[in-house]
Amino acid sequence: MSESSSETLSVVIEREIPHPPQKIWRALTEPHLIEEWLMKNDFKPIVDHRFNLRADWGVVECRVVAVEPNKTLAYTWGAYDLKSVVTWTLTPTSAGTRLRMEQSGFGPDQPQYYQGAKGGWQRFFSALEQVLARLD
Amino acid sequence: MVIDRKMSHARDALFRTLADPTRRAIFERLCREGEQTVGAVTAQAGISQPAVSKHLAALKRAGLVRDRHEGRRTHYSARLGALAPLIDWTSQMAGFWQNRFDRLEDLLKRMDQ
(Lines give C-alpha, C1' and ligand atoms only; values in the text may rest on other atoms or scores of the structure.)
Protein backbone atom coordinates (compact mmCIF):
# COMPACT_ATOMS: atom_id res chain seq x y z
CA MET A 1 0.00 0.00 0.00
CA SER A 2 1.49 3.34 -0.95
CA GLU A 3 0.16 6.83 -1.20
CA SER A 4 1.56 10.19 -2.08
CA SER A 5 0.48 13.11 0.04
CA SER A 6 0.24 16.57 -1.44
CA GLU A 7 3.40 17.74 0.26
CA THR A 8 5.84 14.92 -0.29
CA LEU A 9 6.37 11.67 -2.05
CA SER A 10 5.72 9.16 0.66
CA VAL A 11 5.20 5.50 1.31
CA VAL A 12 2.90 4.39 4.10
CA ILE A 13 2.62 0.84 5.37
CA GLU A 14 0.22 0.10 8.18
CA ARG A 15 -0.49 -3.26 9.80
CA GLU A 16 -2.31 -4.64 12.79
CA ILE A 17 0.17 -6.82 14.60
CA PRO A 18 -0.87 -9.23 17.38
CA HIS A 19 1.93 -8.23 19.74
CA PRO A 20 2.12 -5.45 22.36
CA PRO A 21 3.87 -2.14 21.53
CA GLN A 22 6.67 -2.83 24.04
CA LYS A 23 7.70 -5.96 22.20
CA ILE A 24 7.56 -4.32 18.78
CA TRP A 25 9.56 -1.41 20.18
CA ARG A 26 12.33 -3.83 21.11
CA ALA A 27 12.41 -5.21 17.59
CA LEU A 28 12.62 -1.68 16.21
CA THR A 29 15.36 -0.44 18.52
CA GLU A 30 17.66 -3.29 19.61
CA PRO A 31 20.51 -3.70 17.10
CA HIS A 32 20.61 -7.52 17.14
CA LEU A 33 16.85 -7.63 16.58
CA ILE A 34 16.89 -4.90 13.90
CA GLU A 35 19.45 -6.98 12.06
CA GLU A 36 17.07 -9.92 11.91
CA TRP A 37 14.35 -8.14 9.96
CA LEU A 38 15.97 -5.03 8.47
CA MET A 39 19.76 -4.80 8.14
CA LYS A 40 23.03 -4.90 10.06
CA ASN A 41 23.32 -1.70 12.05
CA ASP A 42 24.83 0.34 14.85
CA PHE A 43 21.55 1.86 15.96
CA LYS A 44 21.03 3.54 19.34
CA PRO A 45 17.69 5.03 20.41
CA ILE A 46 19.22 8.46 21.06
CA VAL A 47 18.18 11.60 19.18
CA ASP A 48 20.90 12.78 16.79
CA HIS A 49 22.73 9.45 16.94
CA ARG A 50 24.12 8.71 13.48
CA PHE A 51 24.07 5.11 12.34
CA ASN A 52 24.40 2.98 9.26
CA LEU A 53 22.25 0.19 7.96
CA ARG A 54 24.39 -2.21 5.96
CA ALA A 55 23.40 -4.71 3.33
CA ASP A 56 25.30 -6.43 0.55
CA TRP A 57 24.01 -3.83 -1.92
CA GLY A 58 25.27 -0.86 0.09
CA VAL A 59 24.88 1.36 3.09
CA VAL A 60 21.98 3.49 4.24
CA GLU A 61 23.12 6.50 6.27
CA CYS A 62 20.75 7.41 9.05
CA ARG A 63 20.31 9.84 11.92
CA VAL A 64 17.81 9.44 14.74
CA VAL A 65 15.27 12.26 14.69
CA ALA A 66 12.70 11.27 17.31
CA VAL A 67 12.44 8.70 20.08
CA GLU A 68 9.36 8.27 22.24
CA PRO A 69 9.58 4.78 23.74
CA ASN A 70 6.82 2.38 22.66
CA LYS A 71 5.18 5.15 20.60
CA THR A 72 7.29 6.89 17.97
CA LEU A 73 10.63 6.40 16.31
CA ALA A 74 11.94 8.44 13.41
CA TYR A 75 15.22 8.51 11.52
CA THR A 76 16.56 10.00 8.33
CA TRP A 77 17.25 7.49 5.60
CA GLY A 78 19.88 8.35 3.03
CA ALA A 79 20.57 5.87 0.27
CA TYR A 80 22.56 7.13 -2.72
CA ASP A 81 21.46 10.70 -3.29
CA LEU A 82 17.91 10.39 -2.14
CA LYS A 83 17.23 11.41 1.42
CA SER A 84 14.06 10.63 3.26
CA VAL A 85 12.67 10.26 6.76
CA VAL A 86 11.29 7.00 8.13
CA THR A 87 8.76 7.40 10.94
CA TRP A 88 7.37 4.50 12.97
CA THR A 89 4.21 4.97 14.98
CA LEU A 90 2.90 2.35 17.43
CA THR A 91 -0.70 2.56 18.60
CA PRO A 92 -2.01 -0.02 21.09
CA THR A 93 -5.19 -1.82 20.03
CA SER A 94 -7.35 -4.46 21.72
CA ALA A 95 -5.61 -7.16 19.66
CA GLY A 96 -2.07 -5.81 19.90
CA THR A 97 -0.63 -2.87 18.00
CA ARG A 98 -1.31 -0.85 14.90
CA LEU A 99 2.14 -0.34 13.43
CA ARG A 100 2.54 2.42 10.89
CA MET A 101 5.65 3.20 8.86
CA GLU A 102 5.84 6.33 6.78
CA GLN A 103 8.79 7.12 4.57
CA SER A 104 8.66 10.68 3.29
CA GLY A 105 10.81 11.63 0.35
CA PHE A 106 11.40 15.29 0.93
CA GLY A 107 12.27 16.06 4.50
CA PRO A 108 14.23 18.91 6.05
CA ASP A 109 17.52 17.16 5.32
CA GLN A 110 17.30 17.37 1.57
CA PRO A 111 20.23 18.39 -0.56
CA GLN A 112 20.25 21.98 -1.75
CA TYR A 113 18.54 21.31 -5.03
CA TYR A 114 15.52 19.78 -3.37
CA GLN A 115 15.32 22.43 -0.69
CA GLY A 116 15.51 25.44 -2.99
CA ALA A 117 12.21 24.54 -4.52
CA LYS A 118 10.51 23.11 -1.47
CA GLY A 119 7.32 25.15 -1.68
CA GLY A 120 7.00 24.56 -5.36
CA TRP A 121 7.21 20.79 -5.19
CA GLN A 122 3.87 20.58 -3.46
CA ARG A 123 2.13 22.28 -6.34
CA PHE A 124 4.13 20.25 -8.81
CA PHE A 125 3.09 16.92 -7.36
CA SER A 126 -0.56 17.84 -7.23
CA ALA A 127 -0.32 18.98 -10.85
CA LEU A 128 1.46 15.75 -11.69
CA GLU A 129 -1.24 13.68 -10.05
CA GLN A 130 -3.83 15.38 -12.22
CA VAL A 131 -1.81 14.74 -15.34
CA LEU A 132 -1.31 11.10 -14.45
CA ALA A 133 -4.97 10.66 -13.62
CA ARG A 134 -5.81 11.73 -17.15
CA LEU A 135 -3.50 9.09 -18.60
CA ASP A 136 -5.50 6.20 -17.16
CA MET B 1 17.96 -4.15 -3.24
CA VAL B 2 14.83 -2.44 -4.40
CA ILE B 3 16.63 0.59 -5.75
CA ASP B 4 19.47 0.00 -8.11
CA ARG B 5 22.15 2.55 -8.75
CA LYS B 6 21.20 3.30 -12.32
CA MET B 7 17.63 4.06 -11.32
CA SER B 8 18.91 6.27 -8.54
CA HIS B 9 21.03 8.31 -10.98
CA ALA B 10 18.14 8.69 -13.38
CA ARG B 11 15.95 9.93 -10.59
CA ASP B 12 18.60 12.26 -9.29
CA ALA B 13 19.04 13.88 -12.71
CA LEU B 14 15.30 14.26 -12.92
CA PHE B 15 15.06 15.98 -9.55
CA ARG B 16 17.97 18.26 -10.35
CA THR B 17 16.39 19.33 -13.60
CA LEU B 18 13.00 19.95 -12.06
CA ALA B 19 14.33 21.68 -8.94
CA ASP B 20 14.40 25.02 -10.75
CA PRO B 21 10.91 26.56 -10.29
CA THR B 22 10.95 28.39 -13.65
CA ARG B 23 11.97 25.26 -15.51
CA ARG B 24 9.38 23.23 -13.67
CA ALA B 25 6.70 25.79 -14.57
CA ILE B 26 7.65 25.43 -18.24
CA PHE B 27 7.44 21.65 -17.99
CA GLU B 28 4.09 21.81 -16.19
CA ARG B 29 2.74 24.08 -18.89
CA LEU B 30 3.79 21.65 -21.61
CA CYS B 31 2.11 18.84 -19.65
CA ARG B 32 -1.05 20.84 -19.28
CA GLU B 33 -1.36 22.48 -22.65
CA GLY B 34 0.43 20.15 -25.00
CA GLU B 35 2.94 21.04 -27.67
CA GLN B 36 4.16 24.65 -27.78
CA THR B 37 6.64 26.72 -29.75
CA VAL B 38 9.50 28.44 -27.93
CA GLY B 39 7.76 31.73 -28.68
CA ALA B 40 4.51 30.61 -27.06
CA VAL B 41 6.33 29.35 -23.98
CA THR B 42 8.29 32.61 -23.76
CA ALA B 43 5.13 34.71 -23.94
CA GLN B 44 3.94 33.12 -20.68
CA ALA B 45 7.20 32.49 -18.88
CA GLY B 46 8.10 36.08 -18.04
CA ILE B 47 11.74 35.58 -19.01
CA SER B 48 13.70 36.13 -22.22
CA GLN B 49 13.57 33.72 -25.14
CA PRO B 50 17.27 32.73 -24.74
CA ALA B 51 16.55 31.91 -21.10
CA VAL B 52 13.53 29.82 -22.10
CA SER B 53 15.61 28.02 -24.73
CA LYS B 54 18.22 27.22 -22.08
CA HIS B 55 15.57 25.73 -19.80
CA LEU B 56 14.08 23.72 -22.67
CA ALA B 57 17.54 22.39 -23.53
CA ALA B 58 18.00 21.24 -19.93
CA LEU B 59 14.58 19.57 -19.97
CA LYS B 60 15.47 17.89 -23.24
CA ARG B 61 18.77 16.58 -21.82
CA ALA B 62 16.82 15.02 -18.96
CA GLY B 63 14.44 13.43 -21.45
CA LEU B 64 11.52 15.43 -20.09
CA VAL B 65 10.66 17.15 -23.37
CA ARG B 66 11.06 16.34 -27.02
CA ASP B 67 11.43 18.83 -29.84
CA ARG B 68 10.05 18.84 -33.35
CA HIS B 69 11.31 21.17 -36.05
CA GLU B 70 8.86 22.66 -38.48
CA GLY B 71 10.41 25.18 -40.83
CA ARG B 72 12.20 27.69 -38.65
CA ARG B 73 10.11 26.93 -35.62
CA THR B 74 10.80 24.39 -32.93
CA HIS B 75 7.88 22.86 -31.09
CA TYR B 76 8.34 21.32 -27.66
CA SER B 77 6.18 18.74 -25.92
CA ALA B 78 6.37 16.97 -22.55
CA ARG B 79 7.47 13.34 -22.31
CA LEU B 80 5.56 11.99 -19.33
CA GLY B 81 7.32 8.64 -19.53
CA ALA B 82 10.48 10.34 -18.28
CA LEU B 83 8.79 10.79 -14.92
CA ALA B 84 8.72 7.04 -14.34
CA PRO B 85 11.75 6.91 -12.00
CA LEU B 86 10.05 9.41 -9.75
CA ILE B 87 6.84 7.44 -9.62
CA ASP B 88 8.67 4.14 -9.31
CA TRP B 89 10.35 5.29 -6.13
CA THR B 90 7.16 4.96 -4.09
CA SER B 91 6.24 1.56 -5.48
CA GLN B 92 9.79 0.25 -5.00
CA MET B 93 9.94 1.42 -1.42
CA ALA B 94 6.44 0.12 -0.69
CA GLY B 95 7.53 -3.35 -1.87
CA PHE B 96 10.69 -3.16 0.21
CA TRP B 97 8.81 -2.23 3.39
CA GLN B 98 6.05 -4.81 2.89
CA ASN B 99 8.78 -7.43 2.78
CA ARG B 100 10.44 -6.02 5.91
CA PHE B 101 7.11 -5.97 7.73
CA ASP B 102 6.77 -9.69 6.94
CA ARG B 103 10.21 -10.33 8.39
CA LEU B 104 9.44 -8.21 11.43
CA GLU B 105 6.29 -10.23 12.08
CA ASP B 106 8.26 -13.48 11.75
CA LEU B 107 10.78 -12.18 14.26
CA LEU B 108 8.06 -11.13 16.71
CA LYS B 109 6.64 -14.67 16.59
CA ARG B 110 10.05 -16.05 17.49
CA MET B 111 10.75 -13.57 20.30
CA ASP B 112 10.02 -14.45 23.94
CA GLN B 113 8.33 -17.74 23.17
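Residues numbered from 1 in each chain as written. Chains lettered and ligands numbered in written order. Predicted model: local features only at pLDDT ≥ 70, side-chain atom pairs only at ≥ 80, totals over all residues.

### What to know about the environment of Val67 of chain A
All names here are of chain A. Mapped onto the elements, Val67 comes out in strand 4 (residues 58-68). By C-beta crowding, Val67 is classed as partly exposed, having 17 other C-beta atoms within 10 Å. Taking the C-alpha atoms as reference, Val67 lies 6.4 Å from Pro45; in sequence the two are 22 residues apart. (Helix = DSSP H or I, 4+ residues; strand = E, 2+ residues; numbered from the N terminus. Buried ≥ 20, exposed ≤ 12 C-beta atoms within 10 Å, placed from the backbone.)

### A closer look at the pairing of strand 3 (residues 73-78) of chain B
All names here are of chain B. Where strand 1 (residues 36-37) and strand 3 come together, two bridges link them in antiparallel fashion. By the bridge assignment for strand 3, Gln36 is matched with Tyr76. One ladder, built from six bridges, connects strand 2 (residues 65-70) with strand 3; its direction is antiparallel. Across the sheet, Glu70 pairs through a bridge with Arg73, a residue of strand 3. Where strand 2 hands over to strand 3, the hairpin turn is made up of two residues, of which Gly71 adopts a positive phi near 65 degrees. (Pairing = 2+ DSSP bridges.)

### Let's talk about the pairing of strand 3 (residues 50-55) of chain A
All names here are of chain A. When strand 2 (residues 40-41) meets strand 3, the two strands line up antiparallel, connected through two bridges. Each residue of the ladder has a partner; that of Asn41, found in strand 3, is Leu53. Summarising the sheet, strand 3 and strand 4 pair through six bridges and their orientation is antiparallel. Residue pairing in the sheet places Leu53 in a bridge with Val60 of strand 4.

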